[in-house]
Amino acid sequence: MRKLFVGLLPLFIFQGVRAGEAACPPFASPQDVLNCVRKNHPEVLRADAEAANLDAFDSFARQRPNPEIDAEAVSNSDDDEAALSAEASYLHTFELGGKRDRRRDLAKARREGLLARIQKTREEVTLTAVLNLYRLRHLQAELHAVEEAQNTFGTIIGQYKNRRQLSPEQQVSLNVFLLAQSDYILRRSRLLQEQRALRQYFDLATGTDFRAVLKALPPPKTVWPALPASAPALAGAARKEAQAEVARAQAELELANSDATPDLKLGPKAGVESGRGHRNQSLGGVLSMDLPLYQRNQGARALARNEARRSEVSLAQRERELSAQWTTWLDVYQDAVASLRGMPTLEQMEKKHQGMESLFERGLVQSALIIEAHRQMTDFTESLNAQELRALEALWSVYVLQGRALEEGI
């Protein structure tokens, strides 16, 4: 598999240790590396910063309208009137129609949506980190196979070149070995490029020395957990996000309905007239309310109803999509694990390969078989690694769908 499970564009831009990030303890296992990535990846840090808004949602929704004060002073020039008259009123707004409760419902839905997005970010970071850790170990094995082939071909080419004269068959063999050596040079370059990209990823995601990561890579996975044949109740962030969207749309509809009821403004009013022998004081009350004669917020309510219907359709379709993803990943997982069972390990293949090379050194194996043996060894290593990575991708994608990805260990 040649897919690289990293978002590489931002990784080439940001390098080194980020200011203010939490330091990770020394890595003793691949789980330590995964925990460090879960804590220090830039996407996680951004999500944690956004989580600071969680408590603000309800505080914002609980706010009450500020009271209003209205004052007026008039100076009269008529001798029959008081020289000065003044009035002042204090109005408190009583929200009718349950607006405050509806705002709190909307704030709760938005909070749940934010929590789902944060969980989704952490799940995606976890999936990528797991696959990149395994891929880094795969690259080491593939580089070993390629470099071993290069060394073998270099030795054979040197032997041919040291001979004074080559037969036609030996000249052809020399050219074939030179082409094979060039091919492996290109393979090694490609693998090193991929390794450098992964180094950029872990430098950014952990802020620690890359050599420490290389010492804590996961071993080949030999135990594969059984997955249920039928999809359970999926509780991943994707479903939670769609559910939160439905709750938000429904809360906005209820808020639009409550906005159709006008608020009541009520309070005391005081007045005074004085001057030119006049002195008069008055005390009363003021009531103010919009009259819903022209509209009752029909436009906003219609839009909110359409949005609520859209979110419900979106949730239903998302559940279908997630169920289909479960089936797809389950099939991929079962096929990949079945193909891995019974396969020889790289260590077993390496022992057989060394035995073949000893036969060649004794002149019992033709040169063409040497090239084919190394090609088979490198191809088998790549295929085995790709299948293991595919099985891991399927397994952790299932964990994501179940909402277990943040609880599972590598």
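Here is a short report on the structure shown in this document. (Residues numbered from 1 in each chain as written. Predicted model: local features only at pLDDT ≥ 70, side-chain atom pairs only at ≥ 80, totals over all residues. Heavy atoms only, no water.)

### A look at the overall build of the chain
And then number 1: Secondary structure assignment for the chain yields 11 helices and 4 strands.
And then number 2: Relative to its full complement of 410 residues, the chain shows a buried share of 39%.
And then number 3: Total accessible area computed for the chain in this model is approximately 23300 Å², and 52% of it derives from carbon and sulfur atoms. (Helix = DSSP H or I, 4+ residues; strand = E, 2+ residues; numbered from the N terminus. Buried < 20%, exposed > 50% of the residue type's maximum accessible area, 1.4 Å probe, protein only. Areas by Shrake-Rupley, 256 points an atom, 1.4 Å probe, with all protein chains shown as cover.)

### As for unusual backbone geometry
And then number 1: Its identity as a non-glycine residue notwithstanding, Asn297 has a phi of 60°, on the positive side.
And then number 2: As for its position among the elements, Asn297 is in the loop between strand 4 (278-289) and helix 9 (298-340).

### Examining the environment of Glu372
And then number 1: Take Glu372: it is sitting in helix 11 (residues 367-402).
And then number 2: Note on Glu372: relative accessible area 32%, which makes it partly exposed.
And then number 3: Taking the C-alpha atoms as reference points, Glu372 and Ala180, separated by 192 residues in sequence, lie 9.8 Å from one another.
And then number 4: Within the structure, Glu372 has its side chain in polar contact with the side chain of Arg375 (distance 2.4 Å). (Polar contact = N/O pair within 3.5 Å; in protein donor to acceptor, adjacent residues only side chain to side chain.)

### Describing the pairing of strand 2 (residues 84-94)
And then number 1: As judged from the 8 bridges shared by strand 1 (residues 68-75) and strand 2, these two strands associate in the antiparallel manner. Bridged to Glu68 within strand 2 is Leu91.
And then number 2: With 9 bridges connecting them, strand 2 and strand 3 (residues 264-275) associate as antiparallel partners. Bridging from a neighbouring strand, Glu87 pairs with Gly271 of strand 3. (Pairing = 2+ DSSP bridges.)

### Overview of the sheet that holds strand 4
And then number 1: What the 4 strands build is an open sheet, ordered 1-2-3-4; its pairing is antiparallel. Each of the sheet's edge strands pairs with one partner strand only, and the pair in question is strand 1 and strand 4. Averaged over neighbouring strand pairs, the angle between their axes works out to 15° when direction is ignored.
And then number 2: Pairing of strand 3 with strand 4, which is carried by 12 bridges, proceeds in the antiparallel orientation. When the sheet's bridge partners are listed, Leu264 is paired in strand 4 with Met289. (Axes fitted to C-alpha atoms, helices over the stretch in contact; angles between N-to-C directions.)

### Description of the packing of helix 5 (residues 99-161) against helix 6 (residues 168-206)
And then number 1: The contact between helix 5 and helix 6 brings their axes to 8 Å, and the two run at 155°. If you check the angle between helix 5 and helix 6, you find them roughly antiparallel. Like other packed secondary-structure pairs, helix 5 and helix 6 cross with a definite hand, here left-handed.
And then number 2: A class-by-class count of the residues in the contact of helix 5 with helix 6 yields 23 nonpolar, 9 polar and 6 charged. (Parallel < 35°, antiparallel > 145°, perpendicular 65-115°, else oblique. Left-handed = near helix turned anticlockwise from the far one by under 90°. Nonpolar A, V, L, I, M, F, W, Y, C, P; charged D, E, K, R; others polar.)

### Concerning the packing of aromatic side chains
And then number 1: Considering all chains together, one arrives at 6 aromatic pairs under this definition.
And then number 2: A centroid spacing of 6.3 Å and a plane angle of 40° characterise the contact between Tyr160 and Phe177, whose relative ring orientation is tilted. Taken together, the residues span a long stretch of sequence, with Tyr160 in helix 5 and Phe177 in helix 6 at a distance of 17 residues.
And then number 3: Taking 5.0 Å as the distance between ring centres and 85° as the angle between the ring planes, the aromatic pair formed by Tyr201 and Phe202 counts as edge-to-face. With respect to class, Tyr201 is no different from Phe202; both count as buried.
And then number 4: Taken together, the aromatic side chains of Phe153, Tyr160, Phe177 and Tyr184 make up a single cluster linked through ring pairs.
And then number 5: Across from the ring centre of Tyr184, 4.9 Å away, lies the NZ or CZ of Arg187, which sits over that ring.
And then number 6: Above the plane of the ring of Trp224 lies Lys221, whose end atom (NZ or CZ) is 5.7 Å from the centre. (Phe/Tyr/Trp six-rings, centres within 6.5 Å; stacked < 30°, edge-to-face > 60°. Lys NZ or Arg CZ within 6 Å of the ring centre and 35° of its normal.)

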